[in-house]
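Survey of secondary and tertiary structure
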Amino acid sequence: MKFTRAMFLILILLSAMTFSRTITVGTSADFPPFEYIENGQFVGFDMDLMREIAKIAGFDLKFVDMSFDSLIPALRAGQVDVVAAAMTITDERKQVVDFSIPYWTADQSVIVKSESPLTITVLFSKGKIGVQTGTTGDLWCTDNLVSTGMLPEKNLKRYDTFVLALSDLLNGNIDAIVLDSPVANRFATTKPVRVVGIITTGEQYGVAVRKGEKELLEKINNAIKVLNESGKMSELIDKYF
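How each quantity is defined
- Residues numbered from 1 in each chain as written.
- Predicted model: local features only at pLDDT ≥ 70, side-chain atom pairs only at ≥ 80, totals over all residues.
- Heavy atoms only, no water.
- Helix = DSSP H or I, 4+ residues; strand = E, 2+ residues; numbered from the N terminus.
- Buried < 20%, exposed > 50% of the residue type's maximum accessible area, 1.4 Å probe, protein only.
- Lys, Arg positive; Asp, Glu negative; His and termini not counted.
- Salt bridge = Lys/Arg side-chain N within 4 Å of Asp/Glu carboxyl O.
- Contact = heavy atoms within 4.5 Å.
- Pairing = 2+ DSSP bridges.
- Axes fitted to C-alpha atoms, helices over the stretch in contact; angles between N-to-C directions.
- Parallel < 35°, antiparallel > 145°, perpendicular 65-115°, else oblique.
- Nonpolar A, V, L, I, M, F, W, Y, C, P; charged D, E, K, R; others polar.
- Phe/Tyr/Trp six-rings, centres within 6.5 Å; stacked < 30°, edge-to-face > 60°.
- 1 Å grid on protein atoms, 1.4 Å probe; cavity = no way out; pocket = protein on both sides within 12 Å on 5 of 7 lines; lining within 4 Å.
- Points joined across faces, edges and corners; volume = space filled by probe spheres on them.
- Expected span 1.5 Å × (residues − 1).

**Topic: the side chain of Asp30**
With respect to the element layout, Asp30 can be found in strand β2 (residues 30–31). Buried charge Asp30 goes without a salt bridge, the closest partner of opposite sign being Lys191 at 12 Å. Leaving out residues up to four positions away in the same chain, Asp30 has contacts with Glu35, Gln132, Thr161, Phe162 and Val163.

Quick look at the structure:
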């Protein structure tokens, strides 16, 4: 008997019926268009993605907002069951948590105030650079600018949220921010900032779970496959990007 795509989708959906529980999702809701709060509700690409995963996998969701660098410690401590926060899959993180199959690929961008004459060379001119603590932008700037002596350690300003970093940028307290390209593009359309350069990193985002949570991870992976197969993932991408 030929195993068709339709049969694959049906089997995945049927398997979800045996799994039912409330999953607490940790996120850092200051990262539009992936996760943010609007009218008191968690919205964004990642939030809708988790809702679609929950429908397929057969569980309910509870969202919890916290600083990005607190997410993995909270996951490991059992305070949340899942992290969905545009989190890049890295070898270092894979040592302490398990990741789903990738659902997004992104690079890093550099943004400055709209009226600023600065270009991407701001990264190499000892300017003040803002990043969110623990993000790929933080790691890239630390490894490629601070560790190489191109940027004094004191000039790399780390923030709990990008909202704080953006506020400091607009107030002239820092010269630029390094952050994920989709979010930089969103800020460039909604705030008086502009993108002055791209840092090609090709990082992949994944949903994180505690080490050893094989059943939950399998449900999430299967759901992501269903969303890709059914075209729903493309609908979510069109909605936010």
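**Topic: the sheet that holds strand β9 (residues 129–132)**
Spatial ordering of the open sheet is given by β10-β9-β11-β8-β12, a layout of five strands whose pairing is mixed. Across the chains shown, the open sheet's two edge strands, defined by having one partner strand only, are β10 (156–159) and β12 (193–205). Each strand of the sheet is rotated relative to its neighbour by a mean of 25°, with strand direction disregarded. Looking at chain direction, β9 and β10 are connected through four bridges and run parallel. Bridged to Gln132 within β10 is Tyr159.

**Some words on the packing of helix α2 (residues 45–57) against helix α8 (residues 214–230)**
α8 packs onto α2 with a crossing angle of 105° between their chain directions and a minimal axis gap of 9 Å. Classified by the angle between their axes, α2 and α8 sit roughly perpendicular to one another. Contact residues: Leu49, Glu52, Ile53, Ile56 and Ala57 in α2; Lys219, Ile220, Ala223, Ile224, Val226 and Leu227 in α8. Looking at the contact of α2 with α8 residue by residue, the classes come out as nine nonpolar, no polar and two charged.

**Brief notes about the pairing of strand β8 (residues 104–113)**
Of all ten residues in β8, seven are buried, a share of seventy percent or more. Bridging between β8 and β12 involves nine bridges; their strand directions are antiparallel. Among the inter-strand pairings, Trp104 is bridged to a residue of β12, identified as Tyr205. Sheet topology places β8 next to strand β11 (residues 176–180); four bridges connect them, and they run antiparallel. The partner of Ile111 across the bridge, within β11, is Ile177.

**With respect to the packing of aromatic side chains**
Inspection of every chain in the model, using the stated rule, returns 13 aromatic pairs. What links up through ring pairs into an aromatic cluster is the set Phe31, Phe34, Phe45, Tyr103, Trp104, Phe162, Tyr205, Tyr240 and Phe241.

**Re empty space enclosed by the protein**
Tallying each qualifying case throughout the model produces one cavity of 30 Å³ or more. The space that makes up the largest cavity amounts to roughly 90 Å³. The wall of the largest cavity is formed by 13 residues, among which Phe31, Phe68, Ala85, Ala86 and Thr135 lie closest to the centre. Among the residues making up the lining of the largest cavity, the classes are represented as five nonpolar, five polar and three charged.

**Looking at the sheet that holds strand β3 (residues 35–38)**
Taken together, three strands build an open sheet; the order of strands is β2-β3-β4 and the sheet is antiparallel. Only two strands of the sheet have a single neighbouring strand rather than two, namely β2 and β4 (41–43). As defined by bridge partners, β2 adjoins β3 across two bridges and the pair is classed as antiparallel. In the sheet register, Asp30 faces β3, and the bridge partner there is Tyr36.

**Section: the environment of Ser100**
For Ser100, the position within the fold is in the loop between β7 (97–99) and β8. For Ser100 and Glu218, which are 118 residues apart along the polypeptide, the C-alpha to C-alpha distance reads 8.1 Å. If we skip the residues at most four places from it in the chain, Ser100 touches Ile89, Gly206, Val207, Leu217, Ile220, Asn221 and Ile224.

**Brief notes about α8**
For α8, which comprises 17 residues, the first-to-last C-alpha distance of 24 Å matches the rise-based estimate of 24 Å (1.5 Å per residue) to within 8%. Taken together, the buried positions of α8 are occupied by Leu216, Leu217, Lys219, Ile220, Asn221, Asn222, Ala223, Ile224, Val226 and Leu227.

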